[in-house]
Amino acid sequence: MRLSADLQTFQITLGHHFRRPELLVRALTHPSIATATRPDNQRLEFLGDRVLGLVMSEALLMADRAASEGQLAPRFNTLVRKETCAEVARELGIGDVLRLGRSEMLSGGRRKEALLADAMESVIAAVYRDAGFEVAKALVLRLWGSRVTDVRADARDPKTSLQEWAQARGLPPPSYTEIAREGPPHEPRFTIAVRLASGEEEQAKAGSKRAAEQTAARTLLARLETTS
């Protein structure tokens, strides 16, 4: 199979020349355009998620030989979560080369975080199947770069941290409320408020409810820890 010009350029950006180019094509084929003769990337995504997890688990163990499982787990979650995969995908320009159906293209699929994250994992799996684990591992570590070494010593989800803060003071878990939703359906912006039973509250805006909740929780926790 001969790759199209855009995928040949993408290979250069990715830093891996495929011996089996059909793997790259499949990794970038969304279910919205798949056919019986054009398989989608879902099976590769499944595999890529596991390859990424193994690479990050090993990298974290090597980076901090004294860290406990309780310290490593949140760092791991930070590195493999969908938001991080989508961030790396944007840096590579994966959205520009995704193969999408018309409806998905019209709804802004090239910018959707979930699609970008899935494609990133699929590309990792494609490299793994094309050249083996060591090559895939080197690729992942290069693409994730300083994220691995700079991951916070305490990378717990801010919502979990805020809940623990509240529970330590005898308060019920924080409540989260959607205040507003703006923008077109394919690119919404959510405003979320987090509130403690003691009255403290913060708001945040983001492209997903989860991201807005996390930002609001992080902001409120920072304020509480500063004033306590």
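Remember, it's a predicted structure, so these values are computed and weren't measured experimentally.

Let's talk about the overall build of the chain
- Along the backbone of the chain there are 12 helices and 3 strands.
- Seen along its three principal axes, the alpha-carbon backbone of the chain occupies a region of about 65 × 45 × 25 Å.
- Counting only residues that meet the buried cut, the chain has 42% of its 228 residues in that class.
- Residue pairs in contact within the chain that sit at least 24 positions apart in sequence constitute 54% of those at least 6 positions apart.
- A total of about 12100 Å² of accessible surface is found on the chain, and carbon and sulfur atoms cover 52% of it.

Looking at the confidence of the model for the chain
- Confidence in the prediction for the chain averages 92 pLDDT; 97% of positions are at 70 or higher.
- Here helix H7 (residues 102-106) is the element of the chain with the lowest mean pLDDT, 88, and helix H9 (residues 133-144) is the one with the highest, 98.

Description of the environment of Thr-78
- Tracing the backbone through its elements, the reader meets Thr-78 in helix H4 (residues 69-80).
- With 36 residues separating them in the primary sequence, Thr-78 and Gln-42 have C-alpha atoms 22 Å apart.

Points about the sheet that holds strand E2 (residues 189-195)
- Taken together, 3 strands build an open sheet; the order of strands is E1-E2-E3 and the sheet is antiparallel. The two strands at the open ends of the sheet, each matched to only one other strand, are strand E1 (175-182) and strand E3 (201-206). The sheet shows a mean angle of 20° between the axes of neighbouring strands, direction not considered.
- With 6 bridges connecting them, E2 and E3 associate as antiparallel partners. Looking at E3, one finds that Arg-195 is bridged to Glu-201.
- Packed onto the sheet, helix H12 (residues 209-227) meets E1, E2 and E3 and runs at close to 145° relative to E3.

Overview of H9
- Helix length check: H9 (12 residues) gives 16 Å between terminal C-alpha atoms against 16 Å at 1.5 Å per residue, within 8%.
- Where H9 is concerned, the buried positions are Ala-136, Leu-139, Val-140, Leu-143 and Trp-144. Taken down its axis, H9 places every buried residue within 120° of arc, on the same side.
- Contacts from the buried residues of H9 go to helix H1 (5-14), helix H3 (42-63), H4, helix H5 (82-92), helix H8 (113-131) and helix H10 (146-150).
- Positive backbone phi, at 50°, marks Gly-145, one or two positions downstream of H9.

A closer look at the UniProt feature "binding site: Mg(2+)" (unreviewed entry) in the chain
- Here, UniProt's "binding site: Mg(2+)" (unreviewed entry) annotation points to Glu-45, Asp-118 and Glu-121. The greatest C-alpha distance among the residues just named is 5.7 Å, despite their covering 77 residues of sequence, which places them together in space.
- Of note, Asp-118 is situated in helix H8.
- Among residues more than four places away in sequence, those in contact with Asp-118 are Glu-45 and Lys-82.

Here we look at the domain arrangement of the chain
- If you check the domain split of the chain, you get domain 1 (5-154) and domain 2 (158-227).
- Look at where the C-alpha atoms of domain 1 and domain 2 centre, and you get two points 29 Å apart.
- In this assembly, 5 residues from domain 1 lie in contact with 4 residues from domain 2.
- Together domain 1 and domain 2 conceal approximately 480 Å² of surface at their shared face, both sides included; 28% is due to carbon and sulfur atoms.
- Of all residues in domain 1, Arg-81, Glu-83 and Arg-111 give up the largest surface area on contact with domain 2, accounting jointly for 59% of the area buried on that side.
- Ionic pairing is found between Glu-83 and Arg-210, a salt bridge with its closest N-O pair at 2.2 Å.

Structural notes on the UniProt feature "active site" (unreviewed entry) in the chain
- According to UniProt, the "active site" (unreviewed entry) feature falls on Asp-49 and Glu-121. Separation in sequence by 73 residues is not matched in space for these annotated residues, since their most distant C-alpha atoms are only 5.6 Å apart.
- Looking at where Asp-49 falls in the secondary structure, it is placed in helix H3.
- Of the residues examined, Asp-49 reaches a relative accessible area of 29% and is grouped as partly exposed.
- Of the residues examined, Glu-121 reaches a relative accessible area of 2% and is grouped as buried.
- Excluding its chain neighbours within four sequence positions, the residues that come into contact with Glu-121 are Leu-44, Glu-45, Gly-48, Asp-49, Lys-82 and Cys-85.

Rules used throughout
Residue numbering note: each chain is counted from 1, following its sequence as written. Side-chain atom pairs in this predicted model are given and counted only at pLDDT of 80 or more, local residue features only at pLDDT of at least 70, and totals for whole chains, interfaces and linings cover all residues. Side-chain measures here rest on the full set of heavy atoms in the structure, leaving out hydrogens and waters. The helix and strand labels rest on DSSP assignments: H or I over at least four residues marks a helix, E over at least two residues marks a strand, and numbering proceeds from the N terminus. Burial here depends on accessible area, computed with a 1.4 Å probe over protein chains only, as a share of the maximum for the residue type. Under 20% is buried, over 50% is exposed, and the range in between is partly exposed. Contact definition: two residues touch when any of their heavy atoms are within 4.5 Å. In this description, accessible areas are obtained by the Shrake-Rupley approach with a 1.4 Å probe, and a residue is regarded as covered only by the protein chains that are shown. pLDDT runs from 0 to 100 and stands for how confident the predictor is about each residue. For two strands to be treated as a pair, DSSP must find no fewer than two bridges joining them. Note on geometry: axes are C-alpha line fits, over the in-contact stretch for helices, and angles between N-to-C directions span 0 to 180 degrees. Here a helix's expected span is defined as the number of its residues, less one, multiplied by 1.5 Å. This arc is taken over the directions from the axis of the helix to the C-beta atoms. UniProt positions are given in the numbering used here, feature names are shortened, and annotations may be inferred rather than shown by experiment. Segmentation of the chain into domains, including their bounds, is taken from an automatic or database domain assignment. Each of two parts loses accessible area, computed with a 1.4 Å probe, when they are put together; buried area is these two losses added. Throughout this description, the term salt bridge denotes a Lys or Arg side-chain nitrogen within 4 Å of a carboxyl oxygen of Asp or Glu.

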